[in-house]
Amino acid sequence: MQEMSRDLAIPFSTVADLLARHAGAHPEKTAIVDLDGGKEVDFAGLREAVERIAAWLETTGVGRGDKVVVLADERLVKLLVFLAVWRVGAIACPFHVEMSVAHLRDIVTYIGPRLVLWHADLDGDRIVEGLDYPSVRFSSWPDGGSEPGELFAAVGAQASGAAPRGTNFETDTACIFSTSGTTDRPKCVEWDHLGLWLCGLSSLDFTGMTGEDRLLEYRTFSWLSPQILALMPFLQTGLTLHIARRFSHGRFFDWIEDHRITVAIGVPTVINMLLNRPVDIEPGRIDSLRLMTSSSAPLSPDRWRRFEETYRIALLQFYGASEGGWLCGNRHDDRKVGTVGRPARHMEFAILDPGGGPCPPGVEGEIAIRGPQTAVAAITPAGEYRDMRPTRLAEWLRTGDIGVADEDGFVTVTGRIKDLIIRGGVNIAPLEIDGVLMRLPGIEEAAVVGVPDPIYGEEIAAFVVVRSGASVDPQNVIAGCARHLPDFKLPKSVFLVDSLPKSDRGKIRREALKSLWHERVRPPDPPGA
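Attention in this report is confined to the structure presented alongside it.

## Regarding the environment of Ser-178
Examined against the element boundaries, Ser-178 turns out to sit in strand β7 (residues 173–178). For Ser-178, a relative accessible area of 3% gives the class buried. In sequence terms Ser-178 and Met-99 are 79 residues apart; their C-alpha atoms lie 9.8 Å from each other.

Here it is as structure tokens:
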């Protein structure tokens with residue numbers, strides 16, 4: 001690992017070295033802008049704050065390898081605390097605050113942290129009540145912390161200038177985060193600093209970001225994607241990071257115009273919102289923006305093209321996974337609409353046939369990866385620890401995704417193995433049909449699933465969200481699909497719904513759609529059955 005990192009385009013550096021480097025090179029340059037909180041910090045102030053918080057952490061006994069739970073929504077102070085945890089070599093556990101209290105308590109219990117830090121805006125007393133772990137509340141920096149026992153009161157009371165002794169090494173565990181779960185108890189995934197660093201380098205490779213960029217991120221840093229697409233490039237290059245607590249349809253373009261944003265994070269849900277409720281924006285107002293990303297869920301080629309035609313903003317689609325980081329990405333200078341781009345660097349990528357052999361171009365198979373740009377461990381909802389370190393360099397990690405590469409190496413993700421519809425012995429990937437449905441007039445969103453059929457085993461059922469003000473006839477939907485799909489891929493039933501069930505990352509929950517089909521279609525059991 002050590003030898004590999006020295007060969008990287010940007011060699012691995014500790015948090016202490018990175019903050020010192022940026023503060024020394026441009027101390028008064030704006031480092032982080034909290035758009036909702038109305039706060040910002042320059043690189044000199046960032047370094048000072050992180051060093052002081054880190055020094056306080058060490059006084060509590062927190063050190064290398066200790067787990068520190070950080071509970072807060074997206075605000076400047078969360079990142080200060082997050083970086084201070086890394087600064088002393090501890091493990092940041094920034095769990096999603098919108099998760100149910102019961103699940104948060106469960107996770108904290110089986111993680112076993114040294115310390116729980118929670119923001120004053122949360123119902124933290126309820127979360128930590130009865131837990132056998134010390135907890136400390138924090139508020140804003142630097143104007144908060146007047147109450148005894150509050151984190152920043154303690155930080156302010158300590159002697160200034162005390163430098164933390166600890167540091168973070170590339171093979172140390174960096175973070176533990178939950179994969180999902182506002183309603184279901186989630187799995188947790190563990191990453192080391194080298195894995196995050198390599199993913200950050202892939203983000204720079206995809207986007208071409210440098211220290212001159214101004215990046216907009218509005219997703220929670222409790223997820224992996226914002227850490228590797230925003231936080232790591234920020235640390236690696238010294239760009240200016242703008243954060244918001246959530247996406248705002250009404251403020252998005254104002255943020256870009258007012259702060260001269262050059263790269264904006266995107267997800268298909270946001271792109272669909274901006275297409276379904278178009279904003280009349282003069283291109284000159286957002287001419288600083290050179291690209292917008294799209295990841296976390298599939299984006300149909302039609303939506304991609306429509307967005308670029310509507311807003312004149314270049315989109316880059318990426319493909320990642322909680323246990324694999326970035327798998328593929330379109331580059332700012334090398335892209336192909338409708339694909340997720342070429343494989344990421346710093347890892348091995350393959351599309352495997354059922355026997356485990358590589359698929360040739362044009363042939364679908366299961367996507368698999370291996371190498372240092374992967375997670376080091378997973379923790380099941382039952383608390384079972386699965387160590388991936390011994391095998392991640394030698395054995396393929398099968399993703400469960402189906403994909404195909406073209407002759408130029410561009411990859412298209414066609415679905416999930418568990419979502420395949422098997423009709424009469426033929427495998428059908430839902431994403432192709434989803435894309436056709438969403439090109440039809442009046443349809444805002446759509447998804448298909450396989451449902452029981454007495455003749456073919458499974459048939460295709462489509463669920464459609466009608467665009468506001470439009471009218472859609474189910475039979476016309478099927479006829480519209482027939483112009484683009486062979487008969488065996490046509491939906492045989494179409495259901496109009498108000499919305500599609502999604503995870504907190506915007507991915508369609510197809511199992512929930514199958515349950516909805518059973519509720520609507522399946523006849524009741526006969527009396528006495």
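## Re the pairing of strand β12 (residues 291–294)
Neither face of β12 is exposed, since Leu-291 and Thr-293 on one face and Met-292 and Ser-294 on the opposite face are all buried. Relative to β12, strand β11 (residues 263–264) runs parallel, the two being bridged by two bridges. Across the sheet, residue Val-263 finds its bridge partner in β12, namely Leu-291. In this region the chain leaves β11, passes through helix α11 (residues 268–276) and returns to the parallel neighbour β12; the handedness of that crossover is right-handed. Direction of pairing for β12 relative to strand β13 (residues 315–321): parallel, over a ladder of three bridges.

## Thoughts on the sheet that holds β13
With mixed pairing, nine strands are arranged side by side in an open sheet as β2-β1-β10-β9-β11-β12-β13-β14-β15. Pairing within the sheet leaves two strands with one partner each, and these edge strands are β2 (39–42) and β15 (342–343). Lying over the sheet, helix α3 (residues 43–59) contacts β1 (30–34) and β2, oriented at roughly 95° with respect to β2.

## Details of the sheet that holds strand β17 (residues 365–370)
Read across the sheet, four strands follow the order β16-β17-β20-β21 without closing on themselves; strand pairing throughout is antiparallel. Two strands bound the open sheet, and with one partner strand each, they are β16 (348–352) and β21 (411–416). The sheet shows a mean angle of 45° between the axes of neighbouring strands, direction not considered. Summarising the sheet, β17 and strand β20 (residues 397–405) pair through four bridges and their orientation is antiparallel. Paired with Ala-368 across the strands is Arg-398, a residue of β20.

## Some points on the pattern of salt bridges
Summed over the entire model, instances satisfying the criterion amount to 33 salt bridges. Taking the shortest distance from any N to any O, the salt bridge between Arg-87 and Glu-51 comes out at 2.5 Å. Pair noted here: Arg-87 is in helix α4 (residues 76–87) and Glu-51 is in helix α3, with a separation of 36 residues, a long-range link. On the basis of relative accessible area, Arg-87 is assigned to the buried category, the value being 6%. You can call Glu-51 buried: its relative accessible area is 15%. Residue Asp-401 pairs with Arg-416 through a salt bridge whose shortest N-O separation is 2.8 Å. Placement of Asp-401 in strand β20 and of Arg-416 in strand β21 is noted, with a sequence separation of 15 residues between them. The structure contains a network of salt bridges with shared partners spanning Asp-73, Arg-75 and Asp-121.

## Looking at the packing of aromatic side chains
Tallying each qualifying case throughout the model produces 14 aromatic pairs. Aromatic side chains Phe-318 and Trp-326 sit 5.4 Å apart centroid to centroid with 75° between the ring planes, which places their arrangement in the edge-to-face category. Taking the relative accessible area as the measure of exposure, Phe-318 reaches 2% and is therefore buried. Between Phe-463 and Phe-495 the ring centres are 5.2 Å apart and the planes differ by 20°, which places this aromatic pair in the stacked class. With Phe-463 in strand β25 (residues 457–466) and Phe-495 in strand β26 (residues 493–497), the pair connects residues that are 32 residues apart, well separated along the chain. An aromatic cluster of at least three residues, connected via ring pairs, comprises Tyr-218, Phe-247, Phe-252, Phe-253, Phe-307 and Tyr-311. Seen from the ring of Trp-396, Arg-370 lies directly overhead, with NZ or CZ sitting 4.0 Å from the centre. The ring of Tyr-456 carries the charged tip of Arg-423 above its face, separated from the ring centre by 3.8 Å.

Conventions used here
- Residues numbered from 1 in each chain as written.
- Predicted model: local features only at pLDDT ≥ 70, side-chain atom pairs only at ≥ 80, totals over all residues.
- Heavy atoms only, no water.
- Helix = DSSP H or I, 4+ residues; strand = E, 2+ residues; numbered from the N terminus.
- Buried < 20%, exposed > 50% of the residue type's maximum accessible area, 1.4 Å probe, protein only.
- Pairing = 2+ DSSP bridges.
- Right-handed = clockwise from strand over helix to strand, strands pointing away.
- Contact = heavy atoms within 4.5 Å.
- Axes fitted to C-alpha atoms, helices over the stretch in contact; angles between N-to-C directions.
- Salt bridge = Lys/Arg side-chain N within 4 Å of Asp/Glu carboxyl O.
- Phe/Tyr/Trp six-rings, centres within 6.5 Å; stacked < 30°, edge-to-face > 60°.
- Lys NZ or Arg CZ within 6 Å of the ring centre and 35° of its normal.

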